[in-house]
Amino acid sequence: MFVLLVCLGLFLSQGNALTVQQASLTYHNDARRAEAKAENAANIYELVWDNDLATGAQAWADKCNFEHQHIHGEGENLYYRAPRHHPDSDYIKLAVDDWMSEKSYNTDGSFDCCYHGQHDCCHYTQVVAARTMKVGCAVGHCDVMKRAGHVISHNAAFVVCDYSPISVPARIWNLPAPGSQVQRASPACSDNTNDET
């Protein structure tokens, strides 16, 4: 009986899983909203979904090659986790949480931890960059995950998120800012508007 209930609970929780699009927008915009509030940075916009970015991300994720594509004008964050046994939306959350954990390297708020030869907080920088307006994410199901031609994992979930435009050091936030809101596609909208994702 206990095993049946556990399996039923697992089935029900997977049935309520967010889509990759829903998870990507929810977890990215939650992180951006928290960042705007913590840093008093009112010029951080909510990300919107971009199907072209998502299509490119899925094509790359399906290659199971843990390296960046280096697409001109776009940013990209990568993450993988093995073994894969959760809904894809769970891996989006794990990825965004992991990328946001890099904030601890940005001790002086300068984002030098991602520039000038440093790469300690570049994923975090891309997630919170004010200049970035669009995102498209995908999860690849990788029997074999490779990096530089070498096998690094098996049965992995490979998250690829592509962003447009790419973050640049001078445009992370405008500080000081008068408010603490993540804005929608126009500066006139605030964090208090209807949540439509």
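All of the points below concern the structure found in this document.

What counts and how
- Residues numbered from 1 in each chain as written.
- Predicted model: local features only at pLDDT ≥ 70, side-chain atom pairs only at ≥ 80, totals over all residues.
- Heavy atoms only, no water.
- 1 Å grid on protein atoms, 1.4 Å probe; cavity = no way out; pocket = protein on both sides within 12 Å on 5 of 7 lines; lining within 4 Å.
- Points joined across faces, edges and corners; volume = space filled by probe spheres on them.
- Helix = DSSP H or I, 4+ residues; strand = E, 2+ residues; numbered from the N terminus.
- Nonpolar A, V, L, I, M, F, W, Y, C, P; charged D, E, K, R; others polar.
- Buried < 20%, exposed > 50% of the residue type's maximum accessible area, 1.4 Å probe, protein only.
- Lys, Arg positive; Asp, Glu negative; His and termini not counted.
- Salt bridge = Lys/Arg side-chain N within 4 Å of Asp/Glu carboxyl O.
- Polar contact = N/O pair within 3.5 Å; in protein donor to acceptor, adjacent residues only side chain to side chain.
- Contact = heavy atoms within 4.5 Å.
- Pairing = 2+ DSSP bridges.
- Disulfide = S-S within 2.5 Å.

With that out of the way, let us pick up the layout of surface pockets. Looking at the largest pocket, its volume works out to about 410 Å³. Forming the walls of the largest pocket are 17 residues, and the residues nearest its centre are His-68, Glu-76, Asn-77, Cys-122 and Ile-166. Those elements giving two or more residues to the lining of the largest pocket turn out to be β2 (75-81) and α5 (122-128). In terms of residue class, the lining of the largest pocket is made up of 5 nonpolar, 9 polar and 3 charged.

Structurally, Asp-162 is set in strand β4 (residues 150-164). No salt bridge is formed by the buried Asp-162. Its closest oppositely charged neighbour is Lys-63, at 12 Å. Polar side-chain contacts of Asp-162 include one of 3.4 Å to the side chain of Gln-69. Once you skip the residues sitting within four places of it in the chain, Asp-162 turns out to touch Leu-53, Gly-56, Ala-57, Gln-69, Ile-71, Glu-74, Gly-75, Glu-76, Lys-134, Val-135 and Gly-136.

Glancing now at the pairing of β2. Most of β2 sits out of view: 5 of its 7 residues are buried. The pairing of β2 with β4 spans 7 bridges and is antiparallel. Within β4, the residue paired with Leu-78 across the bridge is Val-160.

All right, on to the pattern of salt bridges then. Applying the stated criterion across every chain, the model contains 6 salt bridges. Across the pair Glu-46 and Arg-33 runs a salt bridge, and its minimum N-O distance is 2.6 Å. Residue Glu-46 is found in the loop between α2 (20-39) and β1 (48-49), and its partner Arg-33 is found in helix α2; the two are separated by 13 residues along the sequence. In this structure, Glu-46 and Arg-33 share a single accessibility class: buried. One salt bridge in this structure joins Lys-103 and Glu-35, with 3.1 Å as the shortest N-O distance. Of the two residues, Lys-103 is situated in the loop between α4 (88-100) and α5 and Glu-35 in helix α2; the sequence distance between them amounts to 68 residues. Taken together, the salt bridges that share partners define one network made up of Asp-30, Arg-33 and Glu-46.

As a further point, take unusual backbone geometry. Geometrically, the link from Ala-82 to Pro-83 is a cis peptide bond, its omega value of -5° lying close to zero. Relative to the assigned elements, Pro-83 resides in the loop between β2 and α4. With an omega of -15°, the peptide bond between Ser-164 and Pro-165 qualifies as cis. As for its position among the elements, Pro-165 is in the segment after β4. Despite not being glycine, Asn-155 shows a phi value in the positive range, around 50°. With respect to the secondary-structure elements, Asn-155 resides in strand β4.

As a further point, take the state of the cysteines. Covalent bonding between the sulfur atoms of two cysteines defines a disulfide. Per the counting criterion, the structure on display carries 4 disulfides. The disulfide partner of Cys-64 is Cys-142, and the gap between their sulfur atoms is 2.2 Å. Disulfide Cys-64-Cys-142: the torsion about the S-S bond is -90°, which places it as left-handed. Within this pair, whereas Cys-64 is found in the loop between α3 (51-61) and β2, its partner Cys-142 is found in strand β3 (residues 134-147), the two being separated by 78 residues in sequence. Like Cys-64, the residue Cys-142 is buried in the burial classification.

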